[in-house]
Amino acid sequence: MRGLGRSRRAGPWLGWSAWLLAAAILTLAFALFVVRDDTLSATDRIGWFPRHLPALAFVTVGAVVVSRRPGNVIGWLCYAIGLAQILAGFGSKQAQSVLAEDPSYGPGWVVLYELGELCWVLLALLLLLFPTGRLPSRRWRPVAWAAVAVLVLAALSSPLLPGPPADGLRPNPIAIPALEGVLRLAYDTAGAFLFGVILAALVSLIARFRRATGSERQQLKWFAYGTALLLLLPATGLVGELSSQAGNLAAAAVVSSLPVTIGIAVLRYRLYDIDRLVNRTVVYGLLTVLLAGVYAGLVFALSQLLNPADHQSALAVAASTMVVAALFQPARRRIQDLVDRRFNRRRYDAARTVAAFSARLRDQIELGTLSTELLAVVDQTMQPTTASLWLRPPKETSKSHATGWDY
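Because the structure is predicted, anything quoted here is derived from the model rather than measured. (Residues numbered from 1 in each chain as written. Predicted model: local features only at pLDDT ≥ 70, side-chain atom pairs only at ≥ 80, totals over all residues. Heavy atoms only, no water.)

Caption draft 1: Structural context of the overall build of the chain. Tallying secondary structure elements over the chain gives 16 helices and 2 strands in all. Here the chain holds 407 residues, and the buried ones make up 36% of them. As displayed, the chain has an accessible area near 24200 Å², and 65% of this comes from carbon and sulfur atoms. (Helix = DSSP H or I, 4+ residues; strand = E, 2+ residues; numbered from the N terminus. Buried < 20%, exposed > 50% of the residue type's maximum accessible area, 1.4 Å probe, protein only. Areas by Shrake-Rupley, 256 points an atom, 1.4 Å probe, with all protein chains shown as cover.)

Caption draft 2: Local environment of the packing of aromatic side chains. Throughout the structure, instances matching the rule amount to 7 aromatic pairs. When the ring centre of F209 is taken as origin, the NZ or CZ atom of R217, which lies over that ring, is 4.2 Å away. (Phe/Tyr/Trp six-rings, centres within 6.5 Å; stacked < 30°, edge-to-face > 60°. Lys NZ or Arg CZ within 6 Å of the ring centre and 35° of its normal.)

Caption draft 3: A look at the nonpolar core. Grouped together as the largest cluster of nonpolar side chains are 45 residues, with contacts concentrated most on I74, L77, C78, L126, F130, F223 and I262. Sorting the residues of this core by element identifies α3 (53-68), α4 (73-87), α7 (119-129), α8 (141-157), α9 (180-211), α10 (214-228) and α12 (244-267) as the ones contributing at least two each. Residue contributions to this core peak at 9 residues, all from α7. (Core = buried A, V, L, I, M, F, W, Y, C linked by side-chain atoms within 4.5 Å.)

Caption draft 4: Here's a closer look at the environment of R69. With respect to the helices and strands, R69 occurs in the loop between α3 and α4. With a relative accessible area of 35%, R69 lands in the partly exposed category.

Caption draft 5: Fine view of the side chain of T261. Tracing the backbone shows T261 in helix α12. Each residue touching T261, except ones within four places of it in the same chain, is listed here: W222, Y225 and G226. (Contact = heavy atoms within 4.5 Å.)

Caption draft 6: Layout of the environment of L232. Within the fold, L232 resides in the loop between α10 and α11 (233-242). Its relative accessible area of 46% is what places L232 among the partly exposed residues. The spacing of L232 and V255 is 23 residues in sequence and 9.3 Å in space, taken between C-alpha atoms.

Caption draft 7: Focus on the packing of α4 against α7. Axis separation between α4 and α7 bottoms out at 9 Å; the angle between their running directions is 160°. Classed by the angle they form, the pair α4 and α7 counts as roughly antiparallel. Note that α4 runs across α7; the crossing there is left-handed. Contacts between α4 and α7 involve V73, I74, L77, C78, A80, I81, A84 and Q85 from the first element and C119, L122, L123, L125, L126 and L129 from the second. When its residues are assigned to classes, the contact of α4 with α7 shows 13 nonpolar, 1 polar and no charged. (Axes fitted to C-alpha atoms, helices over the stretch in contact; angles between N-to-C directions. Parallel < 35°, antiparallel > 145°, perpendicular 65-115°, else oblique. Left-handed = near helix turned anticlockwise from the far one by under 90°. Nonpolar A, V, L, I, M, F, W, Y, C, P; charged D, E, K, R; others polar.)

Caption draft 8: Quick peek at α8. Given a rise of 1.5 Å per residue, 17 residues ought to cover 24 Å, and the 24 Å separating the end C-alpha atoms of α8 matches this to within 8%. Those residues of α8 that fall on the buried side of the exposure criterion are V143, A144, A147, V150, A154 and S157. (Expected span 1.5 Å × (residues − 1).)

Caption draft 9: Main features of a nonpolar patch on the surface. Residues W13, L14, V73 and W76 make up a contiguous nonpolar surface patch of roughly 400 Å² in combined accessible area. Exposure remark for V73: the relative accessible area of 32% places this residue in the partly exposed category. (Patch = residues over 30% accessible without salt bridge, like charges linked within 9 Å, V, L, I, M, F, W, Y side chains within 5 Å. Salt bridge = Lys/Arg side-chain N within 4 Å of Asp/Glu carboxyl O.)

Caption draft 10: Examining the packing of α3 against α4 more closely. With their axes 7 Å apart at the nearest point, α3 and α4 run at an angle of 155° to one another. Here α3 is positioned roughly antiparallel relative to α4, judged by the angle of their axes. Both α3 and α4 take part in a crossing whose hand is left-handed. Taken together, the residues of α4 that come into contact with α3 (itself represented by P54, A55, F58, V59, V61, G62, V65 and V66) are G75, W76, C78, Y79, I81, G82, L83, Q85 and I86. Looking at the contact of α3 with α4 residue by residue, the classes come out as 13 nonpolar, 4 polar and no charged.

Caption draft 11: Quick look at α4. Taking 1.5 Å of rise per residue, the 15 residues of α4 would be expected to cover 21 Å, and the 21 Å separating its terminal C-alpha atoms lies within 8% of that figure. Most of α4 is tucked away, with 11 of its 15 residues classed as buried. Turning to α4, its buried residues are I74, G75, L77, C78, Y79, I81, G82, L83, A84, I86 and L87. For α4, the side-chain oxygen to backbone nitrogen distance between the N-cap and I74 is 3.0 Å, and the N-cap itself is N72. (Polar contact = N/O pair within 3.5 Å; in protein donor to acceptor, adjacent residues only side chain to side chain.)

Caption draft 12: Just unusual backbone geometry, in detail. A cis amide bond, omega 0°, links F130 with the succeeding residue P131. Among the structural elements, P131 can be located in the loop between α7 and α8. Phi is positive for R268, which is not a glycine, with a value near 60°. Note on placement: R268 falls in the loop between α12 and α13 (274-306). The exposure class of R268 is partly exposed, given its relative accessible area of 49%.

Everything listed here is a matter of geometry and, on its own, says nothing about what the molecule does.
In structure tokens, the structure reads:
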């Protein structure tokens, strides 16, 4: 108990000290490779920050989890993934141009960049241990040892390989040409096993979800939700065609949703809101696709009809906008009803039962019938093991006579 209390007291100090270290490294990378690059415009310098928002999100979530749940290794893994992404910036395009022009930089940048390349192994460990920080069972120990072996092999071999660490970088100044064969074999072995480790970690996550109940199942739902949001990344490319800065910011926000959902799951903050969030996401996602299709179709059809010469008409745009605005609420209700019927049948049946009881309540005044129907509604909607109804007789007050019941 004394060791546990000491760990909890040290958690906030360790978490936020590590966060300050990551922020200092990110600031150093900006000062070395962005500020010193005279070819970059002010817009490019500003656009550098959104690209590192996911890394900062992972680091921040890791610091918060470490400070609140110091015994859960998920916090440290989130922090390590974010730190690896920051270190990978030492091989970015800005770093390549600066390092190519200034050979006076020491060998430290190679080590930092290669450590940043370990991000995928750390992600596999996160998948394997999420959300409890422990393996699903003992039979997954070989996968964990394989992940650790891949991590060690890559960390020892990659920084010492001859040649440029990445395209555009100058040759590795700390390479050991005499051991190139051994180093290349270790590096290729780590790369070959990495895919299998990630695949096995995904399988373990699915197996854990199938057996999970209660809070752990909700935690896994949050992780699945954050992962599903990554499917929106292609849409950010369309935004980037209109504005590169807006596209970068949208992509960073989508990727940053994954560490945020991990933090919510581990800290169990509003854990059971995930069902409602998924429901609303599906409803408004389908609604957006439907209305966008209706809008595009109406604009095209009306433009063809009103102005066939250049297919452009302000009247067509205005009319389409009004139609879409009028369709919003009816379409939302229909889609919500469809989603509830298909994916949330219990909630749909409960809502219909309550609505039917409310309609009967307006016309029924017989207490015995109301009591029976109320218990039936509670049984159908809440499905308790037992249910009972207690009625309180009316009490006289000093000002008036009041009648009421507690259920």
